[in-house]
Amino acid sequence: RDQSEPHHRMSGNAAEAKELVKQGEKALNKKNMFFKKSPDWETAADCYQKAAVIFRTPAVKMLPEAIAAFEKAAEAHGKNQAHFYAAAAMENAGNILRDMKALAAAGQHYEKASQYFLDAGKADKAAELLLKSAKALAEEDVDASISQYKRAITLYVEDEQAIFIGDTWRQCLALMLKHDKKDQAVEFLNSMFPTFEALDQGEYLRRCQLAVVILLLAKGDCVAAAAARDSYGDFMMSNEGEAACDLIDAFEEGSDDKVKEIVATQTFTLLENQVARLASKLPAICLECASDMTGARSNTRPAAKKVEAGEGGGGGAAAGGAAADDGDDDMDDLM
């Protein structure tokens, strides 16, 4: 008899939940005195909500039914302009999906919950749900995850709660660099500068400016790195700015030993982990860039000799020699 009681309770609870779902559907199909459909959204929402909670209990554990009931509860709450409760119901559905490892679906539900919170005037909660969406989508859809992180930051800034973005921008940057999205990372960091300035967070600003230089050098683009450094105003007066200048100079010299020495200094240990790891790869990148440039220089020399020994007369040879010299001068400038 003791073994049969839990079974009866389980069946009773499941039956109760199913009956609540039927009552919810009945409320949605309610008609007014003119026999026109007039849904009772409040009653429907309440029925679906109670059913979902029962379906979710460990004793019943009918999770697909719980998800469907929470979704219907969210829709009914939304139609009844009870956006906060709609958000909570949709978040609950997302939590179940997350626990079931259905992460893509969980991310979508969290995004819908975020919109409901926004409709309820709760921007902070809306941002929080976007972060849950971003984390759920991180391994499923990287670009979507990055987008959610950015939207969360925008909400915090617009709601004048930018002080809460600390972990958010770091997580977004780390995700970009984990998937080698350097161009996106550069654009993202540049977009964060006004926020750091508004919050009077000069240290973060300078470290992120140095991070941009590192990212551009990691792409082998000394010209872009120097242009970024020069555009940052008094950045060069800081320790980070000096480090950026030294790095660029070492790259232009093709000295991987100098680069290795620079990235080992304390300034680089204070950078975000993913950026610091990328900085540690700069000596090898510098060496590769120097080798490529040496190859380019050597490839121009036979061409120059061929022109000097070409078919034209003395004037043609002189012109060819001048052209070859100009090519070497240009290459020297690049070096």
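Source: prediction; values computed, not measured. The numbering scheme is per chain: residues are counted from 1 as the chain's sequence reads. In keeping with the model being predicted, local features are shown solely for residues with a pLDDT of at least 70 and side-chain atom pairs are shown and tallied solely at 80 or more, while totals for entire chains, interfaces and linings include all residues. In computing side-chain properties, one takes all heavy atoms of the structure into account and sets aside hydrogens as well as water.

Thoughts on the overall build of the protein chain
Inference 1: In this text, helices come from DSSP runs of H or I with a minimum length of four residues, and strands from runs of E with a minimum of two, each type numbered from the N-terminal end. Regarding its fold elements, the protein chain presents 17 helices and zero strands.
Inference 2: Each residue gets one of three labels from its accessible area relative to the maximum for its type: buried under 20%, exposed over 50%, partly exposed in between, using a 1.4 Å probe on protein chains only. Taking all 335 residues of the protein chain together, the buried fraction comes to 41%.

A closer look at the nonpolar core
Inference 1: Residues Phe 55, Trp 169, Ile 214, Leu 217, Leu 247, Phe 268 and Leu 282 are the most contacted members of the largest nonpolar core, which totals 97 residues.
Inference 2: Top contributing element to this core by residue count: helix 10 (residues 202–218), with 11 residues. Buried Ala, Val, Leu, Ile, Met, Phe, Trp, Tyr and Cys residues form a nonpolar core when they are joined through side-chain atoms within 4.5 Å.

Re the side chain of Ser 114
Inference 1: Residue placement: Ser 114 occurs in helix 5 (residues 103–119).
Inference 2: Only heavy atoms matter for contacts: two residues are in contact if any of them lie within 4.5 Å across the pair. Ignoring anything within four residues of it in the chain, the contact list for Ser 114 reads Ala 126, Leu 129 and Leu 130.

Some thoughts on the confidence of the model for the protein chain
Inference 1: Residue-level confidence of the predictor, termed pLDDT, takes values from 0 up to 100. Counting all residues, the mean pLDDT for the protein chain is 85, and 82% of those residues have values of 70 or more.
Inference 2: Contacts for the low-pLDDT stretch residues 295–335, under 50 throughout, to residues beyond four places or in other chains number 16 contacts.

Examining the packing of aromatic side chains
Inference 1: Paired rings are identified among Phe, Tyr and Trp, the last through its six-membered ring, by centres lying within 6.5 Å, and are further divided according to the angle between planes into stacked (under 30 degrees), edge-to-face (over 60) and tilted (the rest). Considering all chains together, one arrives at eight aromatic pairs under this definition.
Inference 2: Summarising the aromatic geometry, the rings of Phe 196 and Tyr 204 are spaced 6.1 Å apart at their centres and angled 40 degrees between planes, so their arrangement reads as tilted.
Inference 3: The class for Tyr 204 is partly exposed, based on a relative accessible area of 27%.
Inference 4: Ring centres 5.8 Å apart and planes at 85 degrees place the aromatic pair Tyr 232 and Phe 235 in the edge-to-face group. Neither residue differs from the other here; Tyr 232 and Phe 235 are each classed as buried.
Inference 5: Among the aromatic residues, those joined into a ring-pair cluster are Phe 84, Tyr 85 and Phe 117.

Let's talk about the environment of Val 213
Inference 1: Within the secondary structure, Val 213 sits in helix 10.
Inference 2: In the structure, Val 213 is positioned 30 residues away from Ala 243 in sequence and 9.9 Å away in space, judged by C-alpha atoms.
Inference 3: Here Val 213 is in contact with Ala 225, Arg 229, Ala 244 and Ile 248, once residues within four sequence places are set aside.

Here's the deal with the pattern of salt bridges
Side chains that differ in charge, positive against negative, can pair when their charged atoms come close.
Inference 1: Each reported salt bridge corresponds to a side-chain nitrogen of Lys or Arg within 4 Å of a carboxyl oxygen of Asp or Glu. The full count for this structure, using the stated rule, is 15 salt bridges.
Inference 2: Close ionic contact of Arg 98 with Asp 99 constitutes a salt bridge, the shortest N to O distance being 3.3 Å.
Inference 3: In this structure Asp 99 comes out as exposed when scored by relative accessible area, which is 55%.
Inference 4: In this structure, the salt-bridge partner of Glu 240 is Arg 206, at a minimum N-O distance of 3.5 Å. Here the residue Glu 240 occupies a position in helix 12 (residues 239–253), and Arg 206 occupies one in helix 10, the gap between them amounting to 34 residues.
Inference 5: When its relative accessible area of 11% is taken as the criterion, Glu 240 is described as buried.

Here we look at helix 7 (residues 142–158)
What sets the pattern is the α-helix's 3.6 residues per turn: residues three or four places apart point alike.
Inference 1: Its 17 residues place the ends of helix 7 24 Å apart at the C-alpha level, agreeing with the 24 Å of an ideal helix rising 1.5 Å per residue.
Inference 2: Those residues of helix 7 that sit buried are Val 142, Ser 145, Ile 146, Gln 148, Tyr 149, Ala 152, Ile 153, Leu 155 and Tyr 156.
Inference 3: Against helix 5, helix 6 (123–137), helix 8 (166–178) and helix 9 (182–198) lie the buried residues of helix 7.
Inference 4: Looking one or two places after helix 7, you find Glu 160, whose phi comes out positive at around 55 degrees. Here the expected length of a helix is defined as 1.5 Å per residue gap, with one fewer gap than residues.

Focus on unusual backbone geometry
Inference 1: One non-glycine residue, Lys 61, lies in positive phi territory at about 50 degrees.
Inference 2: Relative to the assigned elements, Lys 61 resides in the loop between helix 2 (41–56) and helix 3 (63–79).

So, the packing of helix 2 against helix 3
Inference 1: To get an axis, fit a line to the C-alpha atoms, keeping to the stretch in contact for a helix; angles then go from 0 to 180 degrees between the N-to-C directions. At a closest axis distance of 8 Å, the pairing of helix 2 and helix 3 adopts a crossing angle of 155 degrees. The orientation of helix 2 relative to helix 3 falls into the category roughly antiparallel. Crossing of helix 2 over helix 3 shows left-handed handedness. Residues Trp 41, Ala 44, Ala 45, Tyr 48, Gln 49, Ala 51, Ala 52, Val 53, Phe 55 and Arg 56 of helix 2 lie in contact with helix 3, whose contacting residues are Leu 63, Glu 65, Ala 66, Ala 69, Phe 70, Lys 72, Ala 73, Ala 76, His 77 and Lys 79.
Inference 2: Looking at the contact of helix 2 with helix 3 residue by residue, the classes come out as 14 nonpolar, two polar and four charged. In this scheme, roughly parallel covers angles under 35 degrees and roughly antiparallel covers those over 145, while 65 to 115 is roughly perpendicular and the rest are oblique. In this scheme the handedness of a crossing depends on how the near helix is turned from the far one: anticlockwise by less than a right angle means left-handed, clockwise means right-handed. Amino acid classes used here: Ala, Val, Leu, Ile, Met, Phe, Trp, Tyr, Cys and Pro are nonpolar; Asp, Glu, Lys and Arg are charged; the rest, including Gly, are polar.

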